[in-house]
Amino acid sequence: MNNEVRYAREGRTGVITVNFPPVNALSVAVRAGLLEALEAGLEDADAEALVLTTAGRTFIAGADIREFGKPPQSPILGDVIARFEASPKPVVAALHGTALGGGLELALGCAFRVALPGTKLGLPEVKLGLLPGAGGTQRLPRLAGVRKALEMITSGDPVDAAEALELGIIDAVMDAPSALEAGLHFARQVLAEKRPVRPARERSERIAGTDPTLFAAFREELGARVRNLFSPFRCVDAVEAACTLPFEDGLKRERALFLECMASPQRAGLIHAFLGEREVAKVPGLPAGTPIRPLRSVAVIGAGTMGGGIAMCFANIGIPVTLLDSGREALDKSEAAIRRAYEGMIRKDRLTSVEMDSRLTLIRPALSGQADSEQALAEADVIVEAVFEDLVVKREIFARLDAVCKPGAILATNTSTLDVNAIAAATHRPQDVVGLHFFSPANVMRLLEVVRAEHTADDVLATAMALAKRIGKVGVPVGVCYGFVGNRMLHQRGREAIALVDEGASPQHVDAVLTGFGFPMGPFAMNDLAGLDVGWRIREERRKAGDSDSLPVTWLDRLAEGGRFGQKTGAGVYRYEPGGHTPLPDPAVEALVEEHRHARGITPRPVSDQEIQERCLYAMVNEGARILEEGIAARPLDIDMIWIHGYGFPAYRGGPMFWADQVGLPGILEAVRGFHDRLGGTHWRPAPLLERLAAEGRGFRDL
Ligand code: 3HC
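Residue numbers restart at each chain and count upward from 1, following the sequence in its written direction. Per-residue local features of the predicted model are confined to residues with pLDDT of at least 70, and side-chain atom pairs are confined, for both listing and counting, to 80 or more; whole-chain, interface and lining totals are unaffected and use all residues. Just so you know, side-chain values use all the structure's heavy atoms and leave hydrogens and water out.

Student: Could you give an account of the overall build of the protein, naming the residues involved and the relevant values?
Tutor: When helices and strands are tallied, the protein shows 29 helices and 17 strands. The C-alpha atoms of the protein give 28 Å as radius of gyration, which agrees with the globular expectation for 703 residues (27 Å, within 12%). By principal-axis analysis of the C-alpha atoms, the protein measures approximately 85 × 65 × 55 Å. For every residue, the accessible area (1.4 Å probe, protein chains only) is compared with the maximum for its type, and the residue is labelled buried under 20%, exposed over 50%, or partly exposed between those bounds. Per-residue burial for the protein yields a buried fraction of 55% across its 703 residues. Here a strand is any run of E in DSSP of at least two residues, a helix any run of H or I of at least four, and the numbering for each starts at the N terminus. Restricting the calculation to C-alpha atoms gives the radius of gyration, and the globule rule supplies 2.2 Å times the number of residues raised to the power 0.38.

Student: Can you tell me about a nonpolar patch on the surface, naming the residues and giving the values?
Tutor: Only residues whose relative accessible area exceeds 30% and that take part in no salt bridge are eligible for patches, with like-charged residues grouped when within 9 Å of each other and nonpolar side chains (Val, Leu, Ile, Met, Phe, Trp, Tyr) grouped when within 5 Å. For accessible areas, the Shrake-Rupley method is used with a probe of radius 1.4 Å. Any residue's cover is judged against the shown protein chains and nothing else. What makes a salt bridge here is a side-chain nitrogen of Lys or Arg within 4 Å of a carboxyl oxygen of Asp or Glu, nothing more. On the surface, Y482, V534 and I538 cluster together to form a nonpolar patch covering roughly 220 Å² of accessible area. Here I538 shows up in helix α22 (residues 532–544). I538 sits in the partly exposed class, given a relative accessible area of 33%.

Student: Account for the UniProt feature "domain: 3-hydroxyacyl-CoA dehydrogenase C-terminal" (unreviewed entry) in the protein, with residues named and values stated.
Tutor: UniProt positions are given in the numbering used here, feature names are shortened, and annotations may be inferred rather than shown by experiment. Under the feature "domain: 3-hydroxyacyl-CoA dehydrogenase C-terminal" (unreviewed entry), the UniProt entry names residues 483–576 and 614–698. Measuring from the first to the last C-alpha atom of residues 483–576 gives 30 Å, for a span that is 61% helix and 0% strand. Between the C-alpha atoms that bound residues 614–698 there is a distance of 21 Å. The span itself is 71% helix and 0% strand.

Student: Quick rundown of the pairing of strand β3 (residues 49–54)? Include the residues and the values.
Tutor: Counting buried residues along β3, six of its six residues qualify, which places the element largely inside the surrounding structure. When the strands point away from the viewer and the path from the first strand over the helix to the second turns clockwise, the crossover is right-handed. In terms of handedness, the path from strand β2 (residues 13–18) via helix α1 (residues 28–43) over to β3 forms a crossover that is right-handed.

Student: Any chance you could break down the domain arrangement of the protein for me, citing the residues and the numbers?
Tutor: Domain segmentation is taken from an automatic or database assignment of domains. With domains assigned, the protein is organised as domain 1 (5–263), domain 2 (298–478) and domain 3 (505–604). The gap between the C-alpha centroids of domain 1 and domain 2 is 44 Å.

Student: Break down the site of the ligand for me, citing the residues and quoting the values.
Tutor: Here a residue is near a molecule or strand as soon as one of its heavy atoms is found within 4 Å of it. Close to the ligand lie 24 residues; R57, A63, E105, E125 and R278 are nearest. The fraction of the free accessible surface of the ligand (990 Å²) that becomes covered by protein chains is 77%. Of all the secondary structure elements, the ones that give two or more residues to the shell around the ligand are β5 (98–100), α3 (102–108) and α11 (265–279).

Student: Please give an account of the side chain of T554 that cites residues and values.
Tutor: By secondary structure assignment, the location of T554 is in the loop between α22 and α23 (555–561). By relative accessible area, which is 5% here, T554 ends up buried. Once residues lying within four places of it in the same chain are set aside, the contact partners of T554 are I498 and H596. The contact definition used throughout considers only heavy atoms, calling two residues in contact when any of these lie within 4.5 Å.

Student: Can you break down the side chain of D381 residue by residue, with the values?
Tutor: The topology assignment puts D381 in the loop between α15 (371–379) and β13 (382–385). Here D381 falls in the buried class, since its relative accessible area comes to 5%. Within the structure, the side chain of D381 is placed 2.7 Å from the side chain of K406, a separation counted as a polar contact. Residues within four places of D381 in sequence aside, it is in contact with P294, L295, R296, S297, K406, A409 and I410. Definition of a polar contact: a pair of N or O atoms within 3.5 Å, with one able to donate and the other able to accept a hydrogen when the atoms are protein atoms, and with sequence-neighbouring residues admitted only if both atoms are side-chain atoms.

Student: Quick one: what's the story with the UniProt feature "domain: 3-hydroxyacyl-CoA dehydrogenase NAD binding" (unreviewed entry) in the protein, residue by residue and with numbers?
Tutor: Mapped onto the present numbering, the UniProt feature "domain: 3-hydroxyacyl-CoA dehydrogenase NAD binding" (unreviewed entry) falls on residues 297–478. Helix and strand shares over residues 297–478 are 45% and 21% respectively, and the end C-alpha atoms of the span are 25 Å apart.

Student: Outline the packing of aromatic side chains, listing residues and values.
Tutor: Aromatic contacts are taken between Phe, Tyr and Trp rings whose centres are within 6.5 Å, Trp giving its six-membered ring; a plane angle under 30 degrees counts as stacked, one over 60 as edge-to-face, and the others as tilted. Per the counting criterion, the structure on display carries eleven aromatic pairs. Centroid distance F517 to W659: 5.2 Å. Interplanar angle 85°. Geometry classified as edge-to-face. Of the two residues, F517 is situated in helix α20 (residues 507–517) and W659 in helix α27 (residues 656–663); the sequence distance between them amounts to 142 residues. Here F517 and W659 have matching classes, each one buried. The interplanar angle of 85° and the centroid separation of 6.4 Å between the aromatic rings of F519 and W643 together place this pair among those described as edge-to-face. Taken together, the positions of F519 in the loop between α20 and α21 (523–530) and W643 in helix α26 (residues 636–647) put the pair 124 residues apart, joining distant regions of the chain. Judged by relative accessible area, F519 falls into the buried class, the value being 3%. A network of ring pairs unites the aromatic residues F439, F517, F519, Y618, W643, Y647, F649 and W659 as a single cluster. Its guanidinium or amino end placed over the ring of F274, R278 lies 3.7 Å from that ring's centre, counting from NZ or CZ. Consider the ring centre and the ring normal. A charge sits over the ring if Lys NZ or Arg CZ is within 6 Å of that centre and within 35 degrees of that normal. Lying over the aromatic face of F519, R493 brings its terminal NZ or CZ to 4.9 Å of the ring centre.

Structure, rendered in structure tokens:
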């Protein structure tokens, strides 16, 4: 028997234990071990029943994701489950932690299932672009009913043990010291009562007579939510097969659909996104075991929208935060906004009012310069500065922090554009200074760019990455440059979006192509949401500074100059009905764009969808290649995670660099060269890294 799965006996019950940290994934060794252990249990004359359990923090969390994309190795999971289901001795699956994907499918093939309270059970394959491919789509509807199975399988969201019991997915919830003890106890009951076994495959009462129109209606619901995704619709096909075909034929249909999903680029993108989210936390060059500084109290300077959102992030995990501002009015406004945000969560059932109250008591507003705020600064482990973008002001604040903060405190700036090295240089402790670039709304957006400045100490970087994880963010380490990674690439996409409208496209056409690609919103709708004044001020500053990469004044600047700041003023690139958020085309904008074209002597021309997509996205890829070359991002996956978690890049495309590899770098390079010849501009000069990889027949994945 192998190391991953062991067999032993406890009294009259044989125990099969999977031990494959961290999450007992069903690798080929585990699958083989399960068969061997089952065989041992069946041969053991003293074992009358069997318990399937796992060591460590969780039951089996699914198939081994790292094996995907490689040729399948036997035994395949479906065959293992069939053997468990056919076992002449009753097998009790004893669940704790999470029973997910193939793990739950294996449990569904067992005669009985018992779980510790709080266990989560689910079929999350759809989140990886797959469907449950080892009988889950055939057995779950037979146990939980068709509608609930469709919901669970197409959302991928788990249910907890109590709900699973109610739904008929498990047979008991037992408050035992361990899953093993719960399983043994249940097995004794089964033997004592001589409880009959009814395998899931034989239960047809919940699928018989299913209304065939249910599936069409469900597909329509999905169309409204996830129209661009492939696998949710295949999940429905598979569940439909459970209701229309005999069990074995249903399994075959499920397998065929599973293989279709496995071959889809969406599966590759989503698994890259899943693994990338975990990989990104492992910073290259940062020694494992780098000590982490304490995080017991936080001070946030600046009670604007950003500051308030940042304060919420810490209060949400029980860390007291002092929110400082020089104006009483700003503090009052911020307090009200924080309360409103929490009340919104209560309305969506994401928070209770008791939880809101405890979080609100953790956020203490304080006027800067007063004794209590000075004391809070002196005691804080982490100070996050979130005032407006002005280098002089930020440097003054950091010089003051240097004077009042305790040794070892982490001094963080939330700047999105300024030089973190220059900010750090205002202190005598640049090793303690780091950038924490939150994205608005800070309490919602998952991305946190962790800016490592020239002198940032290793343990400060390690602490900042750990802090990101604790507050539920995806922390991505980046270096210092204008706009860091995300905004620097966004700048290039924005430049092309504006130019495409100059040349003849409409803003709604540009937006439609990018939402068609999978972004939740197009660049212009996003400008309107963020506020046109924000981008306009930044562009003005860059023009004044004589920045070679700055954009000439465009129709977008003219809109902002005219007070059209976007959704907040009811008009921007689009117009909005009072209180509405739906972007509506505005003839006034068309006229202004037309005027702008006329003044610049441009004759508008038809612009194709393909040109819009290529110019907006290849400009980003080319810039991403430069970012990698300069070491501002260490790995392509860092860029991918930034764009997925901060800018709505569709996860099923894996992020811009992963997507570029899928498109093929030689084709992208050729297009970039073409744009450079036709349009000019230093930004279209092909990045040397892109040229090199394309010439060598390699991709970003090979770096
Ligand atoms: N296969 C391989 N490795 C896995 C894995 C899996 N199914 N699930 C998690 N891991 C790895 C992670 O990559 C991570 O590795 P690292 O330490 O090297 O970075 C480690 O396990 C710990 O994972 P998390 O950091 O995510 O730990 P958490 O405690 O936060 O979460 C979890 C645990 C809830 C199990 C979460 O990891 C998870 O959701 N895993 C994916 C579950 C899943 O999607 N299962 C379905 C797989 S597809 C399938 O079963 C197909 C079948 O139908 C045929």
